[in-house]
Amino acid sequence: MKVLFMGTPDFAVSTLDSIIKAGHEVVGVVTQPDKPKGRGKAVLYTPVKEKALEHNIPVYQPVKVREESVIEELRQLKPDIGVVAAFGQILPQTLLDMPTHGCVCVHGSLLPKYRGAAPIQWAVIDGEAVSGITIMQMDAGIDTGDMISKVEVPIDKEETYGSLHDKLAVAGAELLVETLEMFEKGTVTREKQDDSKSNYAVRLTKELGKIDFNKSAVELERLIRGLNPWPSAYTALNGKTLKVWKADVLEKQYGGELGEIVDVTKDSICVKTADGALALKEIQLEGKKRMDVASFLRGVTVEKGEKLG
């Protein structure tokens, strides 16, 4: 099939690569404009652009994909289908309707439950046992189109956003290729979503990562995993930001105040929460490298009775 691919971050690269390896003709790749990054403000290509250029595929980087001139340029490619994976812009109806088979989306959750910008993170934060990929026929709504195919991916008890992201990227690539075969064979079936079962997975902010010890240890441990590696969960120790990368739940109920350090062992700093305690295992103090707590305690003295936050 002649595929017009639209995607930007690492999540989309596996899908683009699988489409190419499956023998489909990628007639063009649409990705977000390059942006300066780092201290030197060097302009870096998007991950999808890098993959496209490896295969000499034409790349388009419109500031606004809904511009009529952009749509007309893409129309000249005469795609059979559009494939969208974490592109980053809302597509207008004229673009959705332009390919022969319309546009499909590789969505990082089992619809209809998690629509929106951050379905992978929220599945971890909310304590879901399973996530997955949905291939959806796109319409004008946000992740509201008819579902074509799904695959489930179990969420491990120590799963982070980063590890689940990587699993789903691979699963999405495989499922998308299978779905393209269904289009070629004319065996596609579609299922409407039940809107009553939908939640909107809102975009993450750095502020969301601030650890609130008024919550339970279970909730906070999930938050830490769901925000790893970005934007990360954090608190404060002696006036300095303390990022928390890994923690365990202690069901023991301690006395003292919320956020108080109630125990310090050779490899953990235990903090009282509204229900149970949080045993910090991997942290990063402002100005220092990320490290396990055992290494941290060899250079920094932390005592019972100190408070975080």
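Whatever comes next refers back to the structure up there.
### Describing the packing of aromatic side chains
And step 1. In this structure the tally under the stated criterion is 0 aromatic pairs.
And step 2. The ring of W245 carries the charged tip of R290 above its face, separated from the ring centre by 4.2 Å.

### A word on the side chain of K272
And step 1. One can find K272 in strand β15 (residues 269-272).
And step 2. The side chain of K272 is buried and forms no salt bridge, while E260, the nearest opposite charge, is found at 8.2 Å.
And step 3. Non-local contacts of K272, meaning those with residues more than four positions away in its chain, are made with F213, Y254, G255, G256, E257, L258, G259, E260, V262 and A277.

### Description of the sheet that holds strand β9 (residues 130-137)
And step 1. Overall, mixed pairing links the 7 strands, which are arranged β5-β2-β1-β6-β7-β9-β10 in an open sheet. A single partner strand is all that each edge strand has here, and the edge strands are β5 (59-60) and β10 (147-154).
And step 2. Bridge count between strand β1 (residues 2-7) and strand β6 (residues 81-85): 5 bridges; the pairing is parallel. Paired with V3 across the strands is I81, a residue of β6.

### Some points on the side chain of T134
And step 1. If you trace the backbone, T134 turns up in strand β9.
And step 2. Classification of T134 as buried rests on a relative accessible area of 0%.
And step 3. A polar side-chain atom of T134 sits 3.0 Å from the main-chain amide nitrogen of L111.
And step 4. Excluding residues that lie within four positions of it along the chain, T134 makes contacts with C105, V106, H107, S109, L110, L111, M147, S149 and K150.

### A few points about the pattern of salt bridges
When charged atoms on two side chains of opposite charge get close, those side chains can pair.
And step 1. Within this structure, the stated rule accounts for 15 salt bridges.
And step 2. A salt bridge links E72 to R75, with the shortest nitrogen-to-oxygen separation between them at 2.6 Å. One end of the pair, E72, and the other, R75, are both in helix α3 (residues 68-75), 3 residues apart, so they sit about a helical turn from each other.
And step 3. For K246, the salt bridge identified is with D248, shortest N-O distance 3.7 Å.
And step 4. One network of salt bridges, with partners in common, ties together D17, K21, K51 and E54.

### Comments concerning the nonpolar core
And step 1. Ranked by internal contacts, the top residues of the largest apolar core, which has 45 residues, are F5 and V83.
And step 2. Of all the elements, helix α6 (residues 161-185) adds the most residues to this core, at 9 residues.

### Here's the deal with unusual backbone geometry
And step 1. Cis geometry marks the peptide bond from L111 to P112, where omega comes out at 10 degrees.
And step 2. Tracing the chain through its elements places P112 in the loop between β7 (103-107) and β8 (114-116).
And step 3. Note that the residue after N228, namely P229, is joined by a cis bond; omega there is 20 degrees.
And step 4. Note that P229 resides in the loop between α7 (217-226) and β12 (233-237).
And step 5. Non-glycine residue N56 carries a positive phi angle of around 55 degrees.
And step 6. Residue placement: N56 occurs in the loop between α2 (47-54) and β5.
And step 7. One non-glycine residue, A86, lies in the positive phi region at around 50 degrees.
And step 8. On the secondary structure map, A86 appears in the loop between β6 and α4 (93-97).

Basis of the calculations
- Residues numbered from 1 in each chain as written.
- Predicted model: local features only at pLDDT ≥ 70, side-chain atom pairs only at ≥ 80, totals over all residues.
- Heavy atoms only, no water.
- Phe/Tyr/Trp six-rings, centres within 6.5 Å; stacked < 30°, edge-to-face > 60°.
- Lys NZ or Arg CZ within 6 Å of the ring centre and 35° of its normal.
- Helix = DSSP H or I, 4+ residues; strand = E, 2+ residues; numbered from the N terminus.
- Buried < 20%, exposed > 50% of the residue type's maximum accessible area, 1.4 Å probe, protein only.
- Lys, Arg positive; Asp, Glu negative; His and termini not counted.
- Salt bridge = Lys/Arg side-chain N within 4 Å of Asp/Glu carboxyl O.
- Contact = heavy atoms within 4.5 Å.
- Pairing = 2+ DSSP bridges.
- Polar contact = N/O pair within 3.5 Å; in protein donor to acceptor, adjacent residues only side chain to side chain.
- Core = buried A, V, L, I, M, F, W, Y, C linked by side-chain atoms within 4.5 Å.

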